[in-house]
Amino acid sequence: MARILVVDDEIGIRELLSEILYDEGHTVELAENAAQARESRLRQRPDLVLLDIWMPDIDGVSLLKEWSSQGLLNMPVIMMSGHATVDTAVEATRIGAVDFLEKPITLQKLLKTVAAGLARPVIPASMRSRTERPTTPADPVFTQPPALAGGPAAVQPAGVAPVAAPVHDDSHLGRISLNQPLREARDEFERIYFEYHLLHENHSMTRVSERTGLERTHLYRKLKQLGIDTSRKKSSGG
């Protein structure tokens with residue numbers, strides 16, 4: 001999946017886009033203004049940028065021009081706005097934006113535009129800075145899936161001992177079937193993942209938030225989306 005930078009001064013838009021893209025398996029970084037966007041861009045080139053046109057300090061078109069003039073516009077940029085004119089969209093496209101999203105942004109339109117942007121090269125690779133390290137895909141969650149019950153055993157490289165199974169038994173959490181669409185498999189994994197942490201943290205949302213690295217608001221939304229009951233308490237035996 002891709003590393004996507006979302007630049008928008010509205011926190012609601014940032015959280016919404018972050019949640020949608022995260023659920024699609026992307027790594028998402030957020031910036032609320034041009035200064036934060038510059039810092040994020042300099043740390044590591046994103047695979048794609050969603051850039052709001054109207055921002056309080058420097059507008060998105062000006063930032064797009066800045067990146068273009070500095071030779072930093074070597075990633076697809078999709079502009080966003082709720083009240084931009086056709087001339088503004090045309091200007092952004094002329095500078096180097098690959099597409100334009102009009103707010104409010106629908107789920108289908110966002111995913112379709114992001115997929116098209118990621119598949120579209122911006123400039124020839126030979127013109128990219130030789131000093132910039134290429135972005136590498138994120139490490140997969142499972143480098144080698146364990147053998148499923150009743151299924152074929154996982155293949156081990158010659159001369160390498162098989163990895164021992166975990167000592168603790170979490171079989172009650174279920175197993176993930178690989179014979180299903182990716183979205184369903186990912187939802188099943190996330191359900192198991194969060195149920196595991198809820199169980200081991202005594203359903204303390206504060207500790208689960210710290211363990212998973214999600215803000216409490218995002219965590220509550222995610223658990224609700226997955227159908228996990230957050231009101232359950234660890235049995236006290238009475």
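One can find the structure itself at the top, above this paragraph.
Keep in mind the model is a prediction, meaning the values are calculated, not measured. (Residues numbered from 1 in each chain as written. Predicted model: local features only at pLDDT ≥ 70, side-chain atom pairs only at ≥ 80, totals over all residues. Heavy atoms only, no water.)

## Overview of the environment of Y22
Within the element layout of this structure, Y22 appears in helix α1 (residues 11–23). Judged by relative accessible area, Y22 falls into the partly exposed class, the value being 31%. Through-space distance from the C-alpha of Y22 to that of I4 is 9.6 Å; in sequence the pair is 18 residues apart. Once residues lying within four places of it in the same chain are set aside, the contact partners of Y22 are V28, E190, H218 and K222. (Helix = DSSP H or I, 4+ residues; strand = E, 2+ residues; numbered from the N terminus. Buried < 20%, exposed > 50% of the residue type's maximum accessible area, 1.4 Å probe, protein only. Contact = heavy atoms within 4.5 Å.)

## Some remarks on the pairing of strand β1 (residues 3–7)
In terms of burial, β1 is largely enclosed, as five of its five residues are buried. What you see with β1 is no split at all: R3, L5 and V7 on one side and I4 and V6 on the other are buried throughout. Pairing of β1 with strand β2 (residues 27–31), which is carried by five bridges, proceeds in the parallel orientation. Looking at β2, one finds that I4 is bridged to V28. In this fold, the crossover linking β1 to β2 by way of α1 has right-handed handedness. (Pairing = 2+ DSSP bridges. Right-handed = clockwise from strand over helix to strand, strands pointing away.)

## Comments concerning the packing of helix α6 (residues 182–200) against helix α8 (residues 216–225)
Their axes nearest at 10 Å, the elements α6 and α8 cross at an angle of 120°. What the angle tells us is that α6 and α8 run oblique. Both α6 and α8 take part in a crossing whose hand is left-handed. Counted together, E190, F194 and L198 of α6 and L219, K222 and L223 of α8 form the full contact between these two elements. (Axes fitted to C-alpha atoms, helices over the stretch in contact; angles between N-to-C directions. Parallel < 35°, antiparallel > 145°, perpendicular 65-115°, else oblique. Left-handed = near helix turned anticlockwise from the far one by under 90°.)

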